[in-house]
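# Coordinate inspection notes
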Amino acid sequence: MDQNKSIPEERYQLEIFVKAKNLKDMDTFSKSDPFCRLLHTIQGEKEKCEGDTEFLKNNLNPCWEKSFVIDYIFELNQKLVFQVWDKNQSAGSDDLLMGEIQTTVADIVGAKDMKCEFELKGKKGQTVGTLIVNIDKQPEDNQFLQLTWIGKELMNTDGFFGKSDPFLKFFKKVGDDWLPVHKTEMIKDNLNPEWKSFQISFRRLSGGKLEQKFKVECWDVHEKGTNNQYMGHFETSIHELINDNKSEFNLEYQANKSGGKIILKEKKVIKRPTFMDFLRDGEQINLIIGVDYTAQNGNPNFPDSLHAFKTQNGNPYETAIRACAQVLLNYDYDKKVAMYGFGAVPHLPNYNVNETEQCFPLTGDFQKPEVYGLEGLINLYKQTLPNLQFSGPGCLGEILNYSKQIAEFNAKKKIYTVLLILTCGQIHDLHQSTEIISQCANVPMSVILVGVGDFDFKKLEILDQDQKQLQKEVLTRNVVQFVPFASFSHSLPILQRELLAELPHQLTDYKSLLGLVPSK
């Protein structure tokens, strides 16, 4: 590894917790089903949606369990817009905006206990409820607890006709508030359950403080997740679990009444290696580039095309290839990069076909698809551009699957594949792409989607967000990141930060999934 190159820092991040109270009911025959959306704007950049919380059915005082995580950039102003929406579960119906507030990261970080309450304002400026925002600012840590919990003789809240369906919720103490940080699965009809083992970081559970108490609540699932029945709680600390070996806890339900016992069956302290640890151990990055040549990019004979032949400082794709490759080539072990096109009919000297292809090597040779270095990539792009007939549709499935096969081939060689796709975002195989991405979670691979131009990148954002909403199975790890190039092209350091924002964690998550550690 080049000792002089920049290593992505495991930097400070903010975890943002939200809850609301006294929301105005937007439904006629029931209560609203609210969820919260966060829009984030860093000074000098375009607004970015950080995602949505889960929606809570029939709830005007929601405490959402899903939190938001953003980078903390002290020197730049960071605007936050929190929107509360009413989920419309009818087919073809739109969600309804209930209200929103605007603030900044600095306002909340500078508040007492990093907690603020805001009046939610509707479209006409009327108050529609209160939003409560807590922020927890901690550096990433690599110490984790692996815990396995069981219940013993739990309270039965289902009467004579059934048994409780219990699950556990874990809360971290921040200031005067208990913030949700983990929830186990529900186990049906079982008063002596054993929940699946899980890992949680010291930081997330107690801010990294061994003596700091955290709280565990036990609940019984009722009516598809609404009106869950409280079964009791207890408080403990990492120190009690690890140093004092405390393992049995009584669920405090009411005065002189217990909800049963929760027992820590197994515990283990795990130190996860960092991205830097793996690079020092010889892990190498294999960069692959995919370029969108669909007709939506415009005719390259015209100056407004994203692939325009004649431009003074390079067209948008050339600019994006140069800037993104300049960052990622630092981590490519041999500086040889394969570049593929999709969405065009290639008429290359040694690869001439008459149909639209969704994965073809710009060299024209699948056996020799690589060129050397940044200038090799730029020259290949320019030389082949006149020999491509822009067509469509634009599909990512083939290039995703092909890159996945390469990553699988290199899995035992300490080589991690990064697929960089540059596209205008008009993707026509979203479902297939999502399915392949779910498979990529189990191979040494990450996908960076770079949006070129000023199109609607909604489909790319969907791929970037939590794919749990699109998948039947929960992904074992996240592998996708979306970067709108125009938002960051003015500053190479900011672009570098965005391109490398998730890659370190994606690589270490893959290693953790397989139980791999550096040999050094």
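Note that this is a predicted model, so its numbers are computed, not measured.

What counts and what doesn't
Residues numbered from 1 in each chain as written. Predicted model: local features only at pLDDT ≥ 70, side-chain atom pairs only at ≥ 80, totals over all residues. Heavy atoms only, no water. Core = buried A, V, L, I, M, F, W, Y, C linked by side-chain atoms within 4.5 Å. Buried < 20%, exposed > 50% of the residue type's maximum accessible area, 1.4 Å probe, protein only. Helix = DSSP H or I, 4+ residues; strand = E, 2+ residues; numbered from the N terminus. Contact = heavy atoms within 4.5 Å. Pairing = 2+ DSSP bridges. Patch = residues over 30% accessible without salt bridge, like charges linked within 9 Å, V, L, I, M, F, W, Y side chains within 5 Å. Areas by Shrake-Rupley, 256 points an atom, 1.4 Å probe, with all protein chains shown as cover. Salt bridge = Lys/Arg side-chain N within 4 Å of Asp/Glu carboxyl O. Axes fitted to C-alpha atoms, helices over the stretch in contact; angles between N-to-C directions. Parallel < 35°, antiparallel > 145°, perpendicular 65-115°, else oblique. Left-handed = near helix turned anticlockwise from the far one by under 90°. Nonpolar A, V, L, I, M, F, W, Y, C, P; charged D, E, K, R; others polar. Expected span 1.5 Å × (residues − 1). Phe/Tyr/Trp six-rings, centres within 6.5 Å; stacked < 30°, edge-to-face > 60°. pLDDT = per-residue confidence, 0-100. Arc of directions from axis to C-beta.

Once that is clear, we can look at the nonpolar core. Among the nonpolar cores identified, the biggest contains 53 residues, and Ile-289, Tyr-293, Met-339, Leu-420, Leu-422 and Val-450 are the most heavily contacted of them. Here the element with the most residues in this core is helix 5 (residues 316-328); it accounts for 8 residues. If we ignore the near neighbours within four places in the chain, the residues touching Leu-422 are Ile-289, Gly-290, Val-291, Asp-292, Tyr-317, Ala-320, Ile-321, Phe-342, Val-450 and Val-452.

A few words on the pairing of strand 19 (residues 344-348). Buried residues dominate strand 19, accounting for 4 of its 5 residues. Joining the antiparallel neighbours strand 19 and strand 20 (residues 351-352) is a turn of 2 residues.

In this structure, Pro-393 follows Gly-392 across a cis peptide bond, with omega equal to 0°. In this structure, Pro-393 sits in the loop between strand 23 (388-390) and helix 7 (397-409). Here Asp-113, not a glycine, exhibits a phi torsion of approximately 60°, which is positive. Its place among the elements puts Asp-113 in the loop between helix 1 (105-109) and strand 7 (115-121). The phi angle at Asp-189 is positive, at roughly 50°, despite the residue not being glycine. With respect to the helices, strands and loops of the structure, Asp-189 is situated in the loop between strand 11 (177-183) and strand 12 (198-201). Of the residues examined, Asp-189 reaches a relative accessible area of 42% and is grouped as partly exposed.

So, about the environment of Ile-263. Here Ile-263 shows up in strand 16 (residues 257-271). For the pair Ile-263 and Trp-149, spaced 114 residues apart in sequence, the C-alpha to C-alpha distance is 5.7 Å. Not counting the four nearest positions on each side in its chain, Ile-263 is found in contact with Thr-148, Trp-149, Ile-150, Lys-152, Ser-247 and Glu-248.

Before going further, it helps to examine a nonpolar patch on the surface. On the surface, Leu-513, Leu-514 and Leu-516 cluster together to form a nonpolar patch covering roughly 240 Å² of accessible area. The residue Leu-514 is located in helix 12 (residues 503-514) in this model.

Another aspect to go through is the packing of helix 7 against helix 8 (residues 430-440). It is at 9 Å that the axes of helix 7 and helix 8 come closest, and there the two elements cross at 15°. Our classification of the angle between helix 7 and helix 8 gives roughly parallel. Helix-helix and strand crossings are classified by hand; for helix 7 and helix 8 the assignment is left-handed. Across from Gly-397, Leu-400, Asn-401 and Lys-404 in helix 7, the residues of helix 8 making contact are Gln-432, Ser-433, Ile-436, Ile-437, Gln-439 and Cys-440. By residue class, the composition of the contact of helix 7 with helix 8 is 4 nonpolar, 5 polar and 1 charged.

With that settled, consider helix 6 (residues 373-384). The terminal C-alpha atoms of helix 6, which comprises 12 residues, lie 17 Å apart, in line with the 16 Å expected from a rise of 1.5 Å per residue. Every buried residue belonging to helix 6 is among Gly-373, Leu-374, Gly-376, Leu-377, Ile-378, Leu-380, Tyr-381 and Thr-384, and all of these are buried. If you follow the buried residues of helix 6, they end up packed against strand 17 (284-292), helix 5, strand 18 (336-342), strand 19, strand 22 (370-372) and strand 23.

It is worth spelling out the sheet that holds strand 23 at this point. An order of 20-19-23 is seen for the 3 strands of this open sheet, with the pairing classed as antiparallel. Two strands in the sheet have a free side with no partner beyond their single neighbour: strand 20 and strand 23. Pairing geometry for strand 19 and strand 20, over 2 bridges, is antiparallel. Considered in strand 20, the bridge of Leu-348 is made with Tyr-351.

We describe a pair of aromatic rings using the distance from one ring centre to the other and the angle between the two ring planes. Summed over all chains, the structure comprises 15 aromatic pairs. For the pair Phe-170 and Phe-198, a centre-to-centre distance of 5.4 Å together with 65° between the ring planes defines the contact as edge-to-face. With Phe-170 in strand 10 (residues 166-174) and Phe-198 in strand 12, this residue pair connects regions lying 28 residues apart in the sequence. Given a relative accessible area of 10%, Phe-198 falls into the buried group. The interplanar angle of 70° and the centroid separation of 5.5 Å between the aromatic rings of Tyr-340 and Tyr-402 together place this pair among those described as edge-to-face. Here Tyr-402 lies in helix 7 and Tyr-340 lies in strand 18, a separation of 62 residues in the sequence. Residue class for Tyr-340 comes out buried when judged on its relative accessible area of 2%.

Further remarks concern the side chain of Ser-32. Here Ser-32 shows up in the loop between strand 1 (12-21) and strand 2 (34-42). The residues contacting Ser-32, other than those within four sequence positions of it, are Lys-24, Asp-25, Met-26, Asp-27, Leu-56, Lys-57, Asn-58, Asn-59, Leu-60, Asp-86 and Met-98.

Quick look at the confidence of the model for the chain now. Scored by pLDDT, the chain has a mean of 88; 93% of the residues are at 70 or more. When mean pLDDT is taken per element in the chain, strand 21 (residues 360-361) scores highest with 98 and helix 11 (residues 492-499) scores lowest with 76. Long-range and interchain partners of residues 1-10, a stretch whose pLDDT sits below 50, account for 18 contacts in this model, where long-range means more than four residues apart. Here residues 466-474 scores under 50 on pLDDT; set against residues more than four positions off or in separate chains, the count is 10 contacts.

Another point: helix 7. In this model, helix 7 (13 residues) spans 18 Å end to end at C-alpha, consistent with the 18 Å of a helix rising 1.5 Å per residue. When we look at burial in helix 7, the residues that qualify are Gly-397, Ile-399, Leu-400, Ser-403, Lys-404 and Ala-407. The arc that holds the buried residues of helix 7, viewed along the axis, is 165°, so those residues lie on one side. At its buried positions, helix 7 is contacted by strand 17, strand 18, strand 24 (415-423), helix 8 and strand 25 (445-451).

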